[in-house]
Amino acid sequence: MRIVLASGSPRRRKLIKLLGLPYRIEIPKIDEKITGTPESIVISLARKKAMAVNYGEEEIIVAADTVVSIENKVLGKPDNFEEAYDILKLLSGNWHQVYTGVFVITNFESFGFFEKTYVKFRDIPDEFIRYYIASGNPFDKAGGYGIQEVGGLFVEKIVGDYYNVVGLPISRLWFELYSRGYIRYDGGATRKTFESRS
Ligand SMILES: Cc1cn([C@H]2C[C@H](O)[C@@H](COP(=O)(O)OP(=O)(O)OP(=O)(O)O)O2)c(=O)[nH]c1=O
């Protein structure tokens, strides 16, 4: 049994390793422009990514999507300096929510779920916001910051799964796969090989 991570995100590649399962990467190409609630957006886009890649008999596809939400606004990746600036100004001194949706496809079933993490930013001085944007860090990240790098300096408090903010709620993903029988620690067969024998 092998995981196919449908993602071009270097952060998700690092996190998927924590499962300790064999995996390979496929990069999905999809149009990410949709509207809706944060929950529905992240699950729909994760599903779209999962459905955009090919997989074989013994493989489990995993795809994810992350957005930031504040005051009923859903924020993706900023396209330019002004957008990054506006987003970081909005996040400065406030709580926001980070949603990551995950979609899984196996030979038996497909399912999706999301995790929500609450993040509180300190007041970020204007000069630091400009300096941070000039570093280029915001542009490939939802909400224009990366908690795992310099953006971690903005974070005063966090409630929920840290890895969910980075882009993959690895504990929930493990739980969903384990409780459905796709992961075994007793040397027994995983669900796929077990069921195909019976
Ligand atoms: C909030 C936050 C987001 N991010 C990243 C995670 C995601 O890679 C990105 C959100 O964009 P996504 O569209 O979810 O993912 P992606 O385009 O980078 O990768 P793919 O669709 O191929 O899987 O923002 C961080 O790295 N750190 C953070 O603190």
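Going by the structure above, here's the rest.
Rules used throughout
Residues numbered from 1 in each chain as written. Predicted model: local features only at pLDDT ≥ 70, side-chain atom pairs only at ≥ 80, totals over all residues. Heavy atoms only, no water. Patch = residues over 30% accessible without salt bridge, like charges linked within 9 Å, V, L, I, M, F, W, Y side chains within 5 Å. Areas by Shrake-Rupley, 256 points an atom, 1.4 Å probe, with all protein chains shown as cover. Salt bridge = Lys/Arg side-chain N within 4 Å of Asp/Glu carboxyl O. Buried < 20%, exposed > 50% of the residue type's maximum accessible area, 1.4 Å probe, protein only. Axes fitted to C-alpha atoms, helices over the stretch in contact; angles between N-to-C directions. Helix = DSSP H or I, 4+ residues; strand = E, 2+ residues; numbered from the N terminus. Parallel < 35°, antiparallel > 145°, perpendicular 65-115°, else oblique. Left-handed = near helix turned anticlockwise from the far one by under 90°. Contact = heavy atoms within 4.5 Å. Nonpolar A, V, L, I, M, F, W, Y, C, P; charged D, E, K, R; others polar. Core = buried A, V, L, I, M, F, W, Y, C linked by side-chain atoms within 4.5 Å.

Draft legend 1. Molecular detail of a nonpolar patch on the surface. The grouping of L18, I158, Y162 and Y163 at the surface amounts to a nonpolar patch, some 340 Å² of accessible area in total. Accessibility expressed as a relative area gives 51% for L18, which makes it exposed.

Draft legend 2. Up close: the packing of helix α3 (residues 81-91) against helix α4 (residues 126-134). As a packed pair, α3 and α4 sit with axes 10 Å apart at the nearest point and diverge in direction by 135°. Overall, the two elements α3 and α4 adopt an arrangement that is oblique. Handedness of the crossing formed by α3 with α4: right-handed. Of the residues in α4, those touching α3 at F81, A84, Y85, L88 and K89 are D126, I129, R130, Y132, I133 and A134. Class assignment of the residues belonging to the contact of α3 with α4 gives a composition of eight nonpolar, no polar and three charged.

Draft legend 3. Geometry of the nonpolar core. In terms of nonpolar packing, the biggest core is built from 41 residues, with L88, L91, F121, Y145, L173 and L177 touching the most fellow members. Counting residues in hydrophobic clusters, the runner-up holds nine residues, among them V4, A46, A63 and F103.

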